[in-house]
Amino acid sequence: MRGNIAQLMQQAQKMQENMQRAQEELARLEVTGNAGGGMVEVVLSGRMECRKVRIDPAVLADPEMAEDLIAAAFNDAVNKANAASQEKLGAATAGLPLPPGMKLPGLF
């Protein structure tokens with residue numbers, strides 16, 4: 001019994017180190033969301049911080065379309081950042097025996 005607890009504690013320590021590394025990688029990660037065939041691009045960090053927005057000047061002639069394309073590009077970037085986050089943080093918890101469907105608090 002005691003050996004199982006020690007082994008579980010080692011796994012938890014390793015997972016914590018992996019989580020910290022994954023979060024550092026996410027801070028450096030950049031994803032680009034696109035809309036309108038690349039007429040609008042939004043670059044986000046893995047922590048959902050907006051790093052850059054590029055708008056083709058032709059889009060600005062139609063403000064309503066520009067708003068829609070900016071929102072679509074932002075949503076595309078958010079989806080990509082979420083997917084990258086789940087991949088990196090999921091890999092960090094690999095091997096930890098969690099019940100199916102259980103997520104660690106604050107991760108996803």
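Residues numbered from 1 in each chain as written. Predicted model: local features only at pLDDT ≥ 70, side-chain atom pairs only at ≥ 80, totals over all residues. Heavy atoms only, no water.

The name recorded for the chain in an unreviewed UniProt entry is Nucleoid-associated protein D0Y53_09440, from Cognatiluteimonas weifangensis. Its UniProt record gives the chain a comment under Subcellular location (unreviewed entry), which states: "Cytoplasm, Nucleoid". (UniProt positions renumbered as here; feature names shortened; annotations may be inferred.)

Caption draft 1: Examining the sheet that holds strand 1 (residues 30–35) more closely. Strand order across the open sheet formed by three strands is 1-2-3, with antiparallel pairing between neighbours. Every other strand in the sheet has two partners, leaving strand 1 and strand 3 (50–55) as the edge strands with one partner each. The mean inter-strand angle of the sheet, taken between neighbouring strand axes irrespective of direction, is 15 degrees. For strand 2 (residues 40–45) and strand 3, the ladder comprises five bridges, and the chain directions are antiparallel. The residue bridging Val 43 from the neighbouring strand is Lys 52, located in strand 3. (Pairing = 2+ DSSP bridges. Helix = DSSP H or I, 4+ residues; strand = E, 2+ residues; numbered from the N terminus. Axes fitted to C-alpha atoms, helices over the stretch in contact; angles between N-to-C directions.)

Caption draft 2: Spotlight on the nonpolar core. Counting 12 residues, the largest nonpolar core is built from Val 31, Ala 35, Val 40, Val 42, Leu 44, Val 59, Ala 66, Leu 69, Ala 73, Ala 77, Val 78 and Ala 81. Secondary-structure elements contributing two or more residues to this core are strand 1, strand 2 and helix 2 (63–92). Tallying contributions element by element places helix 2 first for this core, with six residues. Beyond its immediate sequence surroundings of up to four residues, Ala 73 is in contact with Gly 33, Asn 34, Ala 35, Val 40 and Val 42. If you look at the next biggest cluster of nonpolar residues, it comprises five residues, including Met 15, Ala 22, Leu 26 and Leu 89. (Core = buried A, V, L, I, M, F, W, Y, C linked by side-chain atoms within 4.5 Å. Buried < 20%, exposed > 50% of the residue type's maximum accessible area, 1.4 Å probe, protein only. Contact = heavy atoms within 4.5 Å.)

Caption draft 3: The arrangement of the UniProt feature "coiled-coil region" (unreviewed entry) in the chain in detail. Cross-referencing UniProt, the feature "coiled-coil region" (unreviewed entry) maps to residues 5–32 in the present numbering. Helix makes up 86% of residues 5–32 and strand 11%. Its end C-alpha atoms lie 43 Å apart.

Caption draft 4: Region of interest: the pattern of salt bridges. Applying the stated criterion to the full structure yields four salt bridges. The salt bridge partner of Arg 51 is Glu 30, with a shortest N-O separation of 3.0 Å. Of this pair, Arg 51 sits in strand 3 while Glu 30 sits in strand 1, and the two are 21 residues apart along the sequence. Note that Lys 80 is salt-bridged to Asp 76, the shortest N-O span being 3.4 Å. Taken together, the positions of Lys 80 and Asp 76, both in helix 2 and four residues apart, correspond to about one turn of that helix. (Salt bridge = Lys/Arg side-chain N within 4 Å of Asp/Glu carboxyl O.)

Caption draft 5: Representation of the pairing of strand 2 within the structure. The element strand 2 is largely enclosed, with a buried count of five among its six residues. Relative to strand 2, strand 1 runs antiparallel, the two being bridged by six bridges. Note on strand 2: the bridge partner recorded for Asn 34 is Glu 41. The hairpin turn running from strand 1 into strand 2, its antiparallel successor, is four residues long, and Gly 36 in that turn takes a positive phi close to 65 degrees.

Caption draft 6: The arrangement of the side chain of Ser 45 in detail. The residue Ser 45 is located in strand 2 in this model. Ignoring sequence-local partners within four residues, the contact set of Ser 45 consists of Leu 26, Ala 27, Leu 29, Glu 30, Arg 51 and Ala 81.

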